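# Residue-level structural notes
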Amino acid sequence: MSIKLPFLRFKDKQEQEKNEVKEKNIPDHVAIIMDGNGRWAKKRGLPRVAGHKEGMEAVQNVVRSANKFHISTLTLFAFSTENWQRPKSEVDFLMRMPSQFFQKYLPELLEKNVRVETIGDFDRLPEHTKKAVVNAKEQTKNNDGLLLNFALNYGGRLDIVQAVRKVAAEVEGKRLLVEEIDDQLFNDYLFTKGMAEPDLLIRTSGEKRISNFMLWQCAYSEFWFTDVLWPDFDEKVFIEAINAYQQRKRRFGTV
Ligand SMILES: CCc1cc(N2CCCCCC2)n2ncc(-c3ccc(F)cc3)c2n1
C-alpha cells in the first residue's frame, strides 16, 4: 500500500511510482541540512532575510509531509556553531525565527501531536530565543507523534567533544570504568541521547558536504543531495528523496 497523491495526473505506472511513498521502508529518522536560503533570495534580487523567511515556510511544509508519511523523527539543521560568524544583523534576525515559527505554527503542531526537541549548545542562545523554545518544548512534551528536532547552535565536533568531556569526568570521579565505555554508552552523552540515528540525511542546494552536522550519528545514514534550494523544497522533492532511500533499502526478498 502506498500514499497516493490524487491531484497529480500520471502518464504511466512508472511515473506514478515516482510520486508515491511506499509504506514499506519509510525512513524512521530523516535529518535535513536546509541550505540555499541566501542563494534563493539573491536569485530574486531580494535581501538574504527574505530567503530565511521563505525557508521557514518550507520548514512547516516538510513537517506536514513528515507527519503524513509517518516519519518518527525529523531533525532540521537550523543554526550551526559556525553561523555565529555571520553579520550581527543576520544572526539577530535568525535568533528571532524560533519565536516567529512557534507564534505562527505552534497551534498546528499541538493539533498534530508533534513533540518539539532541540540538540546543540542551548545555553549560548539569546534569552528570547530560549524562552520561545522552552515554551514550545513544555507545551508539546507529552505528545507522542512526530518528534520535530531542531539543531540549534549545533556542531558535530562540539557534540563529540562535550560528550568526551562528560565521560572523562565520570571516569575521573570513579563513577565509570574505562572498560565500560562503548558506542552504546557514548550515545547517552551526545546531544541526541535517546534519539534514533538518522536513516536518511538530505542536503539541499547542491553542496555535497556534511558541514559538521551529526558526524557520529550519521555514520550509517543514507545521504541524498538535491540542487533544489531549501525555500523551494516541497513534498514532491521530499518524495523523491524517500523513494531514493527506499530504492537503496530494497531487499529483493533477501534479509
Ligand atoms: C535559529 C535559526 C533558524 C533559522 C530558520 N530558518 C532560516 C535558515 C534555515 C532555513 C529555515 C528557516 N528557522 N526556521 C525555523 C526555525 C526554528 C528553529 C528552532 C525552533 F525551535 C523552531 C523553529 C529556524 N531557526
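Residues numbered from 1 in each chain as written. Predicted model: local features only at pLDDT ≥ 70, side-chain atom pairs only at ≥ 80, totals over all residues. Heavy atoms only, no water.

### Details of the overall build of the protein
Broken down by element type, the protein carries nine helices and eight strands. Against the 2.2 N^0.38 benchmark of 18 Å for 255 residues, the protein shows a C-alpha radius of gyration of 19 Å, consistent with a compact globule. Counting only C-alpha atoms and orienting by the principal axes, one finds that the protein spans roughly 65 × 50 × 35 Å. Across the 255 residues in the protein, those meeting the buried criterion constitute 47%. Partitioning the intrachain contacts of the protein with sequence separation of at least 6 by distance along the chain shows that 74% fall at a separation of at least 24. Only carbon and sulfur atoms are counted for the fraction: they give 51% of the accessible area of the protein, which is about 13,900 Å². For the protein, the distance from the average site of its 40 positive side-chain charges to the average site of its 37 negative ones is 5 Å. (Helix = DSSP H or I, 4+ residues; strand = E, 2+ residues; numbered from the N terminus. Rg over C-alpha atoms; globule rule 2.2 N^0.38 Å. Buried < 20%, exposed > 50% of the residue type's maximum accessible area, 1.4 Å probe, protein only. Contact = heavy atoms within 4.5 Å. Areas by Shrake-Rupley, 256 points an atom, 1.4 Å probe, with all protein chains shown as cover. Lys, Arg positive; Asp, Glu negative; His and termini not counted. Charge placed at Lys NZ, Arg CZ, Asp CG, Glu CD.)

### A few points about the confidence of the model for the protein
Looking at the protein, the pLDDT average stands at 93 and 90% of residues meet or exceed 70. Both scores are available for the predicted complex, with the pTM at 0.92 and the ipTM at 0.99. (pLDDT = per-residue confidence, 0-100.)

### Some words on the sheet that holds strand S3 (residues 29-33)
An order of S5-S6-S4-S3-S7-S8 is seen for the six strands of this open sheet, with the pairing classed as parallel. The open sheet has two edge strands, strand S5 (115-119) and strand S8 (222-225), and neither has a second partner. Averaged over all adjacent pairs, the angle separating strand axes in this sheet is 20°, with direction ignored. Relative to strand S6 (residues 147-154), S5 runs parallel, the two being bridged by five bridges. (Pairing = 2+ DSSP bridges. Axes fitted to C-alpha atoms, helices over the stretch in contact; angles between N-to-C directions.)

### A short note on the UniProt feature "active site" (unreviewed entry) in the protein
As recorded in UniProt, the feature "active site" (unreviewed entry) lies at Asp35 and Asn83. Considering the C-alpha atoms alone, the annotated residues occupy 49 residues of sequence yet fold into one spot, their largest mutual distance being 12.4 Å. Cross-referencing the annotated residues with the lining of the largest pocket gives Asp35 and Asn83. Assessed through its relative accessible area of 21%, Asp35 is described here as partly exposed. Contacts of Asp35, omitting those with residues within four sequence positions, involve Arg203, Thr204, Ser205, Glu207, Leu229 and Trp230. (UniProt positions renumbered as here; feature names shortened; annotations may be inferred. 1 Å grid on protein atoms, 1.4 Å probe; cavity = no way out; pocket = protein on both sides within 12 Å on 5 of 7 lines; lining within 4 Å.)

### As for the site of the ligand
Around the ligand sit 17 residues, and of these Met56, Leu94, Phe102, Phe150 and Leu152 come closest. For the ligand, the accessible surface in isolation is 520 Å², of which the surrounding protein chains cover 98%. More than half of the atoms of the ligand fall within 2 Å of the grid points belonging to the largest pocket. Elements with a contribution of two residues or more to the shell around the ligand: helix H3 (48-68), strand S4 (73-80), helix H5 (97-111) and S6. (Near = heavy atom within 4 Å. Sits in = over half its atoms within 2 Å of the grid points.)

### Describing the side chain of Thr192
Locating Thr192 in the fold gives a position in the loop between helix H8 (183-187) and strand S7 (200-203). The class for Thr192 is buried, based on a relative accessible area of 7%. Apart from residues lying up to four places away in sequence, Thr192 is in contact with Ile119, Met214 and Gln217.

### Structural notes on the environment of Gln162
In this fold, Gln162 is placed in helix H7 (residues 156-172). Linking Gln162 and Phe150, residues 12 residues apart in sequence, is a C-alpha distance of 18 Å. When neighbours within four sequence positions are excluded, Gln162 is seen to be in contact with Tyr189, Leu190 and Phe191.

### Describing the side chain of Thr129
Residue position: Thr129 is located in helix H6 (residues 127-140). A distance of 2.7 Å separates the side chain of Thr129 from the backbone oxygen of Met95, its partner in a polar contact. The contacts of Thr129, once residues within four sequence positions are left out, are Met95 and Pro98. (Polar contact = N/O pair within 3.5 Å; in protein donor to acceptor, adjacent residues only side chain to side chain.)

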